[in-house]
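The primary structure of each chain is shown beneath.
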Amino acid sequence: MKLTRRLTLAAFAGALALGTALPAFSADLIAIITPAHDNPFFKAEAVGAEAKAKELGYETLLMTHDDDANKQSEMIDTAIGRGAKAIILDNAGADASVAAVKKAKDAGIPSFLIDREINATGVAVAQIVSNNYQGAQLGAQEFVKLMGEGNYVELVGKESDTNAGIRSQGYHDVIDDYPDLKSVAKQSANWSQTEAYSKMETILQANPDIKGVISGNDTMAMGAIAALQAAGRKDVIVVGFDGSNDVRDSIKSGGIKATVLQPAYAQAQLAVEQADAYIKNKTTPKEEKQLMDCVLINADNSGKLETFALTN
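Small disclaimer: the values here were computed from a predicted structure and weren't measured. (Residues numbered from 1 in each chain as written. Predicted model: local features only at pLDDT ≥ 70, side-chain atom pairs only at ≥ 80, totals over all residues. Heavy atoms only, no water.)

Engineer: Can you walk me through the sheet that holds strand β5 (residues 126-130) in this structure?
Structural biologist: Strands pair in a sheet through their backbones, by hydrogen bonds, and they do so in one of two ways: parallel or antiparallel. Overall, parallel pairing links the 6 strands, which are arranged β2-β1-β3-β4-β5-β11 in an open sheet. Sheet topology places β2 (59-64) and β11 (289-292) at the edges, where each strand pairs with a single neighbour. Here the strands of the sheet are splayed against their neighbours by 15° on average, with no regard to which way each runs. (Pairing = 2+ DSSP bridges. Helix = DSSP H or I, 4+ residues; strand = E, 2+ residues; numbered from the N terminus. Axes fitted to C-alpha atoms, helices over the stretch in contact; angles between N-to-C directions.)

So this is what it looks like as structure tokens:
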């Protein structure tokens, strides 16, 4: 017995000395995987999920996949290797992520998706997303009211992201009913502020008479308003979607006119609460796909917006 114990300890010490990677298992680990945190929306998701997980007594593992499905798959492997009890995931593509989520399920690890859906059911335990269509209609209604008439531009998100298409459809189901509003350009800026700035510069050169820009997210809206201001065009109406602090500040200073708040922080916390219920009692939500309504943010209520949530 003593000899066996000595040999085991010696082998363990030898592995450490050789730098062998030993799996770091945790009895109560939740993996939180999102796109890059340089987008404040995704950072708010990670912060919200981590705070709730720690409040409930879990250790956390935060990873970012940068909208790269291959990188996401490697992170799912890491979560499996670390013995995670659950995965909170804002995925890297509606189709491209199905196999990775199924891989986690086959390994006995439940996934709780936030913000973005995947094109499959029965693979994740939950898919908690903003009601993007309802939110887009709110934003479009405000845009129509502000515009009245004139030419406008639409900046669309990443084409592989289901939300990009849903928001665009929601916009058009409202705006297209107004013949005095004419779309002169519709381009993807892939959710990127830098790309939106560049695209807006080019669009503005070709269409100097534009009166408005409606954007699929706040990050692109910030790129658009920066390009417009650099060109001296403070007259162009810009509406975003997300409810970021950056856009809140722009609204308060008279830049961007409105956005649509989707509750990133609350979604992430709800996902962790549902993961906790599943881990402890195998309790599943009544519906896999769950929609959370969005709220219009403009000059009237922007002062109450803080980190993707409305304060009292």
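Engineer: Whenever I open this one, the pairing of β5 confuses me. Can you help?
Structural biologist: Counted residue by residue, β5 has 5 buried out of 5 residues, so it is predominantly covered. A two-sided burial pattern is seen for β5, the buried positions comprising A126, I128 and S130 on one face and Q127 and V129 on the other. Note: strand β4 (residues 111-114) against β5, 3 bridges, orientation parallel. Paired with F112 across the two strands is A126, which belongs to β5. The sheet contact formed by β5 and β11 spans 4 bridges and is parallel. Residue pairing across strands places Q127 opposite K289, the latter belonging to β11. (Buried < 20%, exposed > 50% of the residue type's maximum accessible area, 1.4 Å probe, protein only.)

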